[in-house]
Structure formats: structure tokens, C-alpha cells
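A closer look at the structure
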Amino acid sequence: MDNPLTPREAGRPGPRRRDRHGRGMRGPVAPPQVPLAASRGEVFADLVQDSVERLERRWPQLADVDFLVLDVPRPASDAGDAWHDEAVPLGGTVPSRDGRRGRVVVYRRPVEIRTKGRDERAALVHEVVVEQVAELLGLTPETVDPRYGED
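Residues numbered from 1 in each chain as written. Predicted model: local features only at pLDDT ≥ 70, side-chain atom pairs only at ≥ 80, totals over all residues. Heavy atoms only, no water.

1. Here's the deal with the sheet that holds strand β3 (residues 102-107)
Defined as follows: Note on pairing: two strands pair once DSSP finds at least 2 bridges between them. Only DSSP runs of H or I reaching four residues or more are called helices, and only runs of E reaching two or more are called strands; each is numbered from the N terminus. Working convention: axes come from line fits to C-alpha atoms, limited for helices to the stretch in contact. Angles between N-to-C directions cover 0 to 180 degrees. In what follows, residue pairs with any heavy atoms lying within 4.5 Å of each other are defined as contacts.
Reading across from one edge, β1-β3-β2 is the order of the 3 strands in this open sheet, with mixed pairing throughout. Of all the strands in the sheet, just β1 (65-70) and β2 (91-94) have a single pairing partner and so form its edges. Adjacent strand axes in the sheet meet at a mean angle of 20° when their direction is disregarded. Note: β1 against β3, 6 bridges, orientation parallel. Looking at β3, one finds that Leu70 is bridged to Tyr107. The strands touched by helix α2 (residues 40-58) within the sheet are β1 and β3, with β1 carrying the most contacts at an inclination of about 155°.

2. A word on helix α4 (residues 118-137)
What counts, and what does not: Multiplying 1.5 Å by the residue count of a helix minus one yields the expected span of that helix. Only protein chains enter the area calculation, which uses a 1.4 Å probe; residues under 20% of their type maximum are buried, those over 50% are exposed, and those in between are partly exposed.
Between the first and last C-alpha of α4 there are 28 Å, a value that for 20 residues agrees with the 28 Å anticipated at 1.5 Å per step. If you check which residues of α4 are buried, you get Leu124, Val125, His126, Val128, Val129, Val130, Gln132, Val133 and Ala134.

3. Structural notes on the packing of α2 against α4
Heads up, the condition is: Reported orientations rely on four angle classes, namely roughly parallel under 35 degrees, roughly antiparallel over 145, roughly perpendicular from 65 to 115, and oblique for the rest. Left-handed describes a crossing whose near helix is turned anticlockwise from the far helix by less than a right angle; the clockwise case is right-handed.
Two numbers describe how α2 lies on α4: the axes approach to 9 Å, and their chain directions differ by 50°. In this view, α2 runs oblique relative to α4, as classed from their interaxial angle. As for the relative orientation of α2 and α4, their crossing is right-handed in sense. Contacts between α2 and α4 involve Val43, Phe44, Leu47, Val48, Ser51, Val52, Arg54 and Leu55 from the former and Arg118, Arg121, Ala122, Val125, His126, Val129, Val130 and Val133 from the latter.

4. Focus: the pairing of β3
Across the 6 residues of β3, 5 count as buried, placing the element largely inside the fold. Both β2 and β3 contribute to a ladder of 4 bridges, which runs antiparallel. Along β3, the bridge assignment pairs Gly91 with Val106.

Take a look at the structure:
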């Protein structure tokens, strides 16, 4: 027998081109156009963007502010679990200075944990954005959005 492969090489697994039933690799579960294809982070970022767009109509100076979404806030100190004594923040601000733009940060996981559904999450995201914009502009949240606090 002229077999160029030794038994050891023949048993070595190579890259899989097909599944065990010979049908090929599986494709995506949903096409990219449907909401199922969007990740939780992308959906959350869209909620923040919707809230920002609502506020920018009233406050054009928000065009000079960066809005960021981070998964979780950094602990206040590097000493282990720093959040035992104080509440985990839902958002934060970084004022503009030295030619840097101001920033508003919304923390995704703390907001998601405190909400149950999409509508509740959208309302809390808007509340957090309004509070952080108010802090950045030195105004009250009711001044930034007259509907603040209404359910």
C-alpha cells in the first residue's frame, strides 16, 4: 500500500469545514437588520443616543459634549471592593478644560440591573443623562428637561 499518510497524521484533526452531518458551518441566527442581531451594549448605546438627541434640540451647546457608555464605573479607590459603603453611580461627568471637551458617562450594567424592561430602562437612562447634563451645565435637572421626574 502506497499510503503517504502515517496513521498518526491521518487521525490529527484539521480545520473543520463542515459539521458532523455534512451541512457546513452554521450561519448567524438572525440577519443584521433585525433587532435580535443587536447586542445589549448596542441597544443601550441607542437609548443614550435617543436621550441625547431629545436634549440637544433644547440645548445646542451639548454638541460640544461627548457622551460615553461604559460597562461599569471604576472603584473610587484601588483597595478591593470600594462600593460597600456607598451606592454604585449610574453616571458621571468630566467638565471641559484645557481644550478638552466635556464628557457625560452612563454606566450600562448598574442601569440594567435596576430596570426590568426596555421602557423602564429607557426612562432611567434619560433620567441619568438629564442629571449628568444638569451637573455639567450647572443647572437643575428640571431646567434641563421640564418633564424630569414625571412617570
